[in-house]
Each structure stands twice: as C-alpha cells, then as structure tokens.
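This is what each chain is made of:
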Amino acid sequence: KNQVEQSPQSLIILEGKNCTLQCNYTVSPFSNLRWYKQDTGRGPVSLTIMTFSENTKSNGRYTATLDADTKQSSLHITASQLSDSASYICVVSAYYGTGANNLFFGTGTRLTVIP
Amino acid sequence: DTAVSQTPKYLVTQMGNDKSIKCEQNLGHDTMYWYKQDSKKFLKIMFSYNNKELIINETVPNRFSPKSPDKAHLNLHINSLELGDSAVYFCASSLKHSGNTIYFGEGSWLTVV
C-alpha cells in the first residue's frame, strides 16, 4: 500500500534553532519527492523536489535529503525564523509510465517557532 | 500577479444547495487539479485534467462535477451539498502531468450548515 508518514506531527522550537522533519514512504514505483510549506490559511508552496538520483537539495535555509534505499527523506531548517511557522507536507510521486503521475501526501508536520 | 486563483475564498451555504468554485491559472500549464483538505490537514486529490481532458477521477461522489472550458480554467461544481463536504478545496496546476512542481491556489473554505 502506498503511504507517506511524517514525524513528528507537531514541533515547537525557539527562534534561531535548527530542526529536522522526517518523511518515510512506501510509494512505488518512486518518481520524485517534494516538500511543501503551507502557511495557515494559504495554499501549499513548493520548497524542494528530488528525484531518485538526488541525495540533497537546498533552498535557502531549507535542506532536504533523500535516501531512496531506505525510503526516507528529511527536511532540515537552519536558524529558524518566526516566519517558518507553518505545516510542512511531504509528497511522494509514483509514475506508472505514460499518463497519470499519482501523488501521495503525508499528513504534515506542524512547526511553530516561538521568540 | 496571481498564478493560480480560485473564487470564492470563503463560502458558507446550507445543506442541499448547489455551489461552484472557480479556478484559473495564468501560468500556461497543461494540467490542473482539485484537491480537498480535511480537518486533519490531509490533502487528497479529487480530479486532474490535462489539456481539458479528465486524467484522474478519484473516488469522489458524483455530486462533484469538474468542468474545464479551456486548459486555463477548471471549475468545481457541487450538487446537493452535505455537511461532510465542509473542507478546504485547493485548485492547483502543473506544467505537465508528471514530474513537475504543482502550484496551489490559496484555497476555498467551504462550510456547509
């Protein structure tokens, strides 16, 4: 069964600290993995997208890693800011050849950065 | 400039009513989607259209009917609204149907009373 699980469900950290969010998946055949940030009351916004051959990808203070062998990904946030408070959603894509590219969504990690 | 725009942002309506949510993207993308986000913040795909043609139609009640007049628009019409339809509905688009970043709209908050 294709599933995407994220941990922790929620996280509270002090401003300036680092944190790491986890994503484990069982999606097959694997196509790519994306991390999205969703601010409260807004739509999700893409942070990174990684294919099978990519281990690490950075976007500013966000660094995503991918281990396709263990089917795990992490999102590391460095020097957190108050504006990082949001839900972070891991999305794994399965590609079945031509046509449909099915996406499987995690339930997200709710990050709260406090001053 | 808004890339994916959907209206209305908030909608409160009574059970049994019929309502529509409109979506437009100005990114020149071929593929558009409708997602539903429940109270637990879980996003689930409802429909996917590629160049006005239906590609994905998940197990969604047939009270939900998407309509794509052109590849820049994908509207969602809901008949006979039920309490369980209350959720946030996100429109989205991507360049092609596979392997591309999906751009989401700001969401439409539907409350059925």
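Basis of the calculations
- Residues numbered from 1 in each chain as written.
- Chains lettered and ligands numbered in written order.
- Predicted model: local features only at pLDDT ≥ 70, side-chain atom pairs only at ≥ 80, totals over all residues.
- Heavy atoms only, no water.
- Helix = DSSP H or I, 4+ residues; strand = E, 2+ residues; numbered from the N terminus.
- Rg over C-alpha atoms; globule rule 2.2 N^0.38 Å.
- Buried < 20%, exposed > 50% of the residue type's maximum accessible area, 1.4 Å probe, protein only.
- Contact = heavy atoms within 4.5 Å.
- Areas by Shrake-Rupley, 256 points an atom, 1.4 Å probe, with all protein chains shown as cover.
- Lys, Arg positive; Asp, Glu negative; His and termini not counted.
- Charge placed at Lys NZ, Arg CZ, Asp CG, Glu CD.
- Buried area = accessible area lost by both parts, 1.4 Å probe.
- Salt bridge = Lys/Arg side-chain N within 4 Å of Asp/Glu carboxyl O.

Draft legend 1. Examining the overall build of chain A more closely. Assigned secondary structure in chain A consists of zero helices and 11 strands. Going residue by residue from the N terminus, the α and β elements of chain A occur as β-β-β-β-β-β-β-β-β-β-β. Expected size for 115 residues packed as a compact globule is a radius of gyration near 13 Å; at 14 Å, chain A falls within 12% of this value. Principal-axis analysis of the C-alpha atoms places the extent of chain A at approximately 50 × 30 × 20 Å. The buried share among the 115 residues of chain A stands at 44%. A sequence separation of at least 24 residues applies to 56% of the contacts in chain A between residues at least 6 apart. Summed over all atoms, the accessible surface of chain A reaches about 5400 Å², with 51% contributed by carbon and sulfur. The average position of the 9 basic charges and that of the 7 acidic charges among the side chains of chain A differ by 6 Å.

Draft legend 2. View of the overall build of chain B. If you tally the helices and strands in chain B, you get zero helices and 11 strands. Ordered by position from the N terminus, the helices and strands of chain B form the series β-β-β-β-β-β-β-β-β-β-β. Taken over C-alpha atoms, the radius of gyration comes to 13 Å for chain B, in line with the 13 Å a tight globule of 113 residues would show. On the principal axes, the C-alpha backbone points of chain B span a range of 35 × 30 × 25 Å. Evaluated residue by residue, chain B yields a buried proportion of 43% over its 113 residues. Put simply, of all contacts in chain B between residues at least 6 apart along the chain, 54% involve residues at least 24 apart. With an accessible surface of roughly 5700 Å², chain B has 50% of that area assigned to carbon and sulfur atoms. Considering chain B, the positive charge centre built from 12 side chains and the negative charge centre built from 11 side chains are found 3 Å apart.

Draft legend 3. Representation of the environment of B:Leu83. All names here are of chain B. Relative to the assigned elements, Leu83 resides in the loop between β8 (73-78) and β9 (87-94). In the structure, Leu83 is positioned 29 residues away from Val112 in sequence and 5.1 Å away in space, judged by C-alpha atoms. Beyond its immediate sequence surroundings of up to four residues, Leu83 is in contact with Met15, Val112 and Val113.

Draft legend 4. Region of the structure containing the interface of chain A and chain B. The interface of chain A with chain B comprises 20 residues on the first partner and 20 residues on the second. For the pair chain A and chain B, the summed buried surface comes to about 1600 Å²; carbon and sulfur atoms form 56% of the total. Counting the surface chain A buries against chain B, the share from its top three residues, A:Pro44, A:Phe105 and A:Thr107, is 29%. Where chain A touches chain B, the interface holds one salt bridge. Notably, a salt bridge pairs B:Glu106 with A:Arg42, separated by 2.2 Å at the nearest N-O pair.

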